[in-house]
Amino acid sequence: MEAVHLIYDYCNNFSLSIIARKELIKLTRELLPNKNKLPKNYDSLLKVVSQKDLNKLITIKKFCSNCDSLLNNNNECNNNECKLKKAKVHFLYICEFSPQFKNLLTLFISEMHQNNYKNEPYVDINNAFHYESIKKIPNTIQITLTLCSDGVAIRNNGKSVWPVLLSINEFSPLLRSSYKTKIIGALWEGEKPKPHLLYPDLLNALRELEFFNLTINETSYAFKINLYGILFDSPALALSLNVKQFNGYFGCPICLNPGLRPKEFRKMIYPTETYSRKDTEMYNEANAKQGFFRRAVFCDSLSLPDSIMIDYMHVVLEGIFKDMIKIWLSRGKCLANGLLLGNKLI
């Protein structure tokens with residue numbers, strides 16, 4: 001175990017590349033006797049290091065499912081007014097950010113800002129108007145993050161797991177989408193999470209890490225980190241922002257389209273007319289008549305709704321876009337409702 005940590009510290013102290021780290025493991029194993037317990041590759045070495053340092057990098061909080069109060073070591077609620085002293089436990093695992101950020105920047109500092117498509121027919125996050133509106137600081141490298149989360153059921157009793165992940169937007173799309181560059185922010189275990197319990201610790205940790213210096217290959221860099229946007233599917237977005245979904249009136253998180261519920265469709269539809277956009281003030285006021293349940297915890301960290309990113313996977317890749325094309329190009333009800341595009345195409 002000590003040898004594993006020595007190798008790991010050596011790689012970080014000298015900012016070795018991924019290829020160099022793998023070669024170092026390979027060389028070290030060749031110098032040792034055939035029967036040794038040194039990990040066979042760098043990924044296995046990381047697992048050993050992560051297992052030992054787990055308690056140092058993760059803070060665990062336990063909440064009462066009845067009143068949301070913190071539980072003591074015996075899983076008893078600290079709220080004297082809570083009716084359930086032995087309530088169900090909701091676990092929140094908060095991960096340490098700093099080591100993850102510094103390790104990724106050390107490994108991939110040379111690959112940052114490699115996705116400049118200004119002279120191409122493609123655009124990316126760092127070409128967007130919202131990205132260009134971020135205030136730049138001289139002699140400081142801007143790091144922006146996208147936060148995403150979703151739940152998966154793990155048992156039949158209603159319990160689920162909600163990981164909260166962060167990605168660095170300044171990496172290329174290919175590198176950004178790799179699991180190796182994902183930053184684990186937090187993990188919720190229990191029934192469906194409540195935003196005011198899941199996100200505040202994470203957002204506070206990001207604010208504390210806003211400015212920091214890092215030396216890579218004997219060169220000192222100054223970084224500024226801030227949360228840029230959030231990416232959820234529709235149910236998770238509505239839960240995280242405390243807003244209605246599209247099956248309710250004023251369910252759009254971007255505009256004030258009230259929606260309709262015609263008898264012939266038996267579902268909520270949103271007409272294509274132009275409506276006013278929701279703005280930051282509306283998100284702060286959280287008026288129920290505009291589709292809000294309560295003020296979102298992200299209001300202090302993001303410019304809403306500009307920071308809400310389009311869920312490309314669910315909108316395009318899971319068949320929804322195919323259904324939309326059928327609606328636009330097929331006759332019948334679509335022709336009567338003015339949705340048919342066939343007659344409008346050149």
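Residues numbered from 1 in each chain as written. Predicted model: local features only at pLDDT ≥ 70, side-chain atom pairs only at ≥ 80, totals over all residues. Heavy atoms only, no water.

A word on the side chain of Asn 226. Secondary-structure assignment places Asn 226 in strand 8 (residues 219-231). Polar side-chain contacts of Asn 226 include one of 2.3 Å to the side chain of Gln 142. With residues up to four places along the chain from it excluded, the contact list for Asn 226 reads Ile 134, Gln 142, Ile 143, Thr 144 and Leu 145. (Helix = DSSP H or I, 4+ residues; strand = E, 2+ residues; numbered from the N terminus. Polar contact = N/O pair within 3.5 Å; in protein donor to acceptor, adjacent residues only side chain to side chain. Contact = heavy atoms within 4.5 Å.)

Across the eight residues of strand 6 (residues 183-190), six count as buried, placing the element largely inside the fold. Both strand 2 (residues 89-95) and strand 6 contribute to a ladder of four bridges, which runs antiparallel. Across the sheet, the residue bridging to Ile 94 is Ala 186, located in strand 6. Sheet topology places strand 5 (residues 160-168) next to strand 6; seven bridges connect them, and they run antiparallel. Bridge pairing in strand 6 places Trp 162 opposite Trp 188. (Buried < 20%, exposed > 50% of the residue type's maximum accessible area, 1.4 Å probe, protein only. Pairing = 2+ DSSP bridges.)

This part covers unusual backbone geometry. The omega torsion of the bond from Leu 304 to Pro 305 falls at 5°, within 30 degrees of zero and hence cis. Its location among the elements puts Pro 305 in the loop between helix 11 (280-285) and helix 12 (312-317). At Asn 217, a position not held by glycine, the phi torsion is positive, near 50°. Looking at the element boundaries, Asn 217 is found in the loop between strand 7 (211-216) and strand 8. With a phi close to 55°, Ala 286 is a non-glycine residue in the positive phi region. Position of Ala 286 relative to the elements: it lies in the loop between helix 11 and helix 12. The exposure class of Ala 286 is buried, given its relative accessible area of 14%.

You can see Ser 177 is positioned in the loop between helix 7 (173-176) and strand 6. Looking at Ser 177, its side chain comes within polar contact range of the main-chain oxygen of Leu 174, at 2.9 Å.

For the rest of this paragraph, the subject is the environment of Val 89. By secondary structure assignment, the location of Val 89 is in strand 2. Along the primary structure Val 89 and Leu 70 are separated by 19 residues, whereas in three dimensions their C-alpha atoms are 9.5 Å apart. Apart from the residues within four sequence positions on either side, Val 89 is in contact with Lys 62, Phe 63, Leu 71, Asn 75 and Glu 189.

Taken as a whole and judged by the stated rule, the model has six salt bridges. Measuring nitrogen to oxygen at the nearest pair gives 2.8 Å for the salt bridge that ties Arg 277 to Asp 306. Here the residue Arg 277 occupies a position in the loop between helix 10 (234-241) and helix 11, and Asp 306 occupies one in the loop between helix 11 and helix 12, the gap between them amounting to 29 residues. Of the charged contacts in the structure, one is a salt bridge between Arg 295 and Asp 300, with a shortest N-O distance of 2.7 Å. (Salt bridge = Lys/Arg side-chain N within 4 Å of Asp/Glu carboxyl O.)

Counting 55 residues, the largest nonpolar core has Leu 147, Ile 230, Leu 241 and Phe 298 as the members making the most contacts within it. Counting residues per element, this core draws most heavily on helix 5 (residues 98-108), at five residues. Not counting the four nearest positions on each side in its chain, Leu 241 is found in contact with Ile 230, Tyr 283, Arg 294, Ala 296, Phe 298, Leu 304 and Ile 308. (Core = buried A, V, L, I, M, F, W, Y, C linked by side-chain atoms within 4.5 Å.)

Attention shifts here to helix 9 (residues 200-208). Every buried residue of helix 9 is accounted for by Leu 202, Leu 203 and Leu 206. Summarising the axial view, the buried residues of helix 9 lie within an arc of 95°, below the 170-degree limit, and thus occupy one face. The inward-facing, buried residues of helix 9 abut helix 5, strand 3 (141-149), strand 5, strand 6 and strand 8. (Arc of directions from axis to C-beta.)

This part covers the environment of Lys 88. In this structure, Lys 88 sits in the loop between strand 1 (58-64) and strand 2. Expressed as a C-alpha distance, the spacing of Lys 88 and Ser 65, which sit 23 residues apart in the sequence, is 5.3 Å. If we ignore the near neighbours within four places in the chain, the residues touching Lys 88 are Phe 63, Cys 64, Ser 65 and Glu 191.

Turning next to the packing of aromatic side chains. For the coordinates displayed, the defined rule picks out ten aromatic pairs. Here Phe 108 and Phe 171 contribute two aromatic rings whose centre-to-centre distance is 5.9 Å and whose plane-to-plane angle is 70°, an arrangement assigned as edge-to-face. With Phe 108 in helix 5 and Phe 171 in the loop between strand 5 and helix 7, this pair connects stretches of sequence that are 63 residues apart. The exposure class assigned to Phe 108 is buried, which follows from its relative accessible area of 11%. With relative accessibility at 0%, the residue Phe 171 sits in the buried group. Between Tyr 199 and Phe 298, the aromatic rings sit 4.8 Å apart at their centres with planes inclined by 50°, giving tilted as the arrangement. Of this pair, Tyr 199 sits in the loop between helix 8 (195-198) and helix 9 while Phe 298 sits in the loop between helix 11 and helix 12, placing them 99 residues apart in sequence. Each of the two residues, Tyr 199 as well as Phe 298, counts as buried. By way of ring pairs, the aromatic residues Phe 212, Tyr 221 and Phe 223 are connected into one cluster. A cation over an aromatic ring shows up here: Arg 261 above the ring of Tyr 249, its NZ or CZ 6.0 Å from the ring centre. Stacked on the ring of Phe 292, the Lys or Arg Lys 278 has its end atom at 4.8 Å from the ring centre. (Phe/Tyr/Trp six-rings, centres within 6.5 Å; stacked < 30°, edge-to-face > 60°. Lys NZ or Arg CZ within 6 Å of the ring centre and 35° of its normal.)

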